[in-house]
Amino acid sequence: MAQVSLSNIRRMYGEFTALSDVTLEIGTGEFICLLGPSGCGKTTLLRILAGLEETTAGDLFVDGTDFSKVPCHQRNIGMVFQSLALFPHLSVGENVAYGLDVRGIDKATRHKRAEELTALVGLPGLFDRPVSALSGGQRQRVAIARALAIEPVLFLMDEPFSALDAGLREHLQIEVKKLQRKLGVTTIFVTHDQNEAMSIADRIVILNNGVIEQAGTPTEVYARPQSEFVANFMGTNNVFDVEFTPGQDVMWNGISLGRPTGTMATLSGKGKLSVRPEYLRLAPVGSAGSQMVGTVEFVRLLGASIETELNVDGHTIIDTMISDRAPEFGEGDQAEVCFDLDHAWVIPS
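Residues numbered from 1 in each chain as written. Predicted model: local features only at pLDDT ≥ 70, side-chain atom pairs only at ≥ 80, totals over all residues. Heavy atoms only, no water.

> Could you give me a rundown of the packing of aromatic side chains, with the residues and numbers involved?
Tallying each qualifying case throughout the model produces six aromatic pairs. Summarising the aromatic geometry, the rings of phenylalanine 240 and tryptophan 252 are spaced 5.1 Å apart at their centres and angled 75° between planes, so their arrangement reads as edge-to-face. Here phenylalanine 240 is found in strand S11 (residues 238–244), whereas its partner tryptophan 252 is found in strand S12 (residues 251–252), with twelve residues between them in sequence. Between the NZ or CZ atom of arginine 11 and the centre of the ring of tyrosine 13, over which it lies, the distance is 4.3 Å. (Phe/Tyr/Trp six-rings, centres within 6.5 Å; stacked < 30°, edge-to-face > 60°. Helix = DSSP H or I, 4+ residues; strand = E, 2+ residues; numbered from the N terminus. Lys NZ or Arg CZ within 6 Å of the ring centre and 35° of its normal.)

> Describe in detail the side chain of asparagine 95, supporting the description with residues and values.
Relative to the assigned elements, asparagine 95 resides in helix H2 (residues 92–96). The exposure class of asparagine 95 is buried, given its relative accessible area of 0%. Every residue in contact with asparagine 95, bar those within four places of it in the chain, is listed here: Leu86, Phe87, Leu90, Val131, Val142 and Arg146. (Buried < 20%, exposed > 50% of the residue type's maximum accessible area, 1.4 Å probe, protein only. Contact = heavy atoms within 4.5 Å.)

> Describe in detail the pattern of salt bridges, supporting the description with residues and values.
One pass over the structure, following the stated rule, counts eleven salt bridges. Between arginine 113 and glutamate 151 there is a salt bridge; the shortest N-O distance is 3.9 Å. On the criterion of sequence distance, the pair formed by arginine 113 in helix H4 (residues 107–120) and glutamate 151 in the loop between helix H5 (136–149) and strand S7 (154–158) is long-range, its members being 38 residues apart. Through salt bridges that share partners, Arg11, Arg47 and Glu53 make up one connected network. (Salt bridge = Lys/Arg side-chain N within 4 Å of Asp/Glu carboxyl O.)

Just distances and angles here, no functional claims.
See the structure below:
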């Protein structure tokens, strides 16, 4: 377990800035997800933590030790790569024990530790099986066990489940989170999958173009985005360019969105309002009194919910409702779009 402190981390490749002034505090035993689109800098940051990349500027401390001065092989960090990098000619147990062997741990001790971890990741009875005979999910578990065998101060994972099918990926997400909680190891997990990050992270760090857009709990980054990028990146969202006038209705393209209360009622000028699809409600035209009327362009069933895409004055609006409670609207139908401003979030400018 370790506490990590990154201060003004910068990484340049010639004229290209991969990371710019990244500052982050990670608590002991936290499970952090680095999330963002391809090329945002999340893997670069992970490689800096592992010692596989050097910083151009900035400070990196782990438990008070300046890690920028610690060579990669002395950092005692466990890492699971996207490619896994298992040794195909070795058995499950030999792969798991490999790091202990390199460190000169005696055979009996490393054998016992490898057996414990093989069982811990759900592979009892496969200790002597060659990894080439395992399924994709089983190989993932071997890679995780190997990384944890050395009792690392940090556990790093770089999109380890991206090549797996959806069902297995979700199962392993749950298993990894349970294992992390049990062991208490500080974990940093890279992903570009918002649902994956939401389901396993204690905190999500969203990167874009080499900078941190927002860091917070899954609830915070989903419900209270601090930028338009976060609002649109974290799941489906509706963002309205609105006009605020103290004590009056919030207006969007000449349409009243309702009279706000609380802090929103004191705002003045132009701003951006974020409303998640689950907080919208569709109603037959003329039945709910909403000024926002749209034409249904697409409807799709998502199992427990129905997602409806509407065109409102040339703008796309997304509504999500529970399947058995949703009114039946088909493509080409018109509907009123209603929502409560109490469930809207003003994106900071």
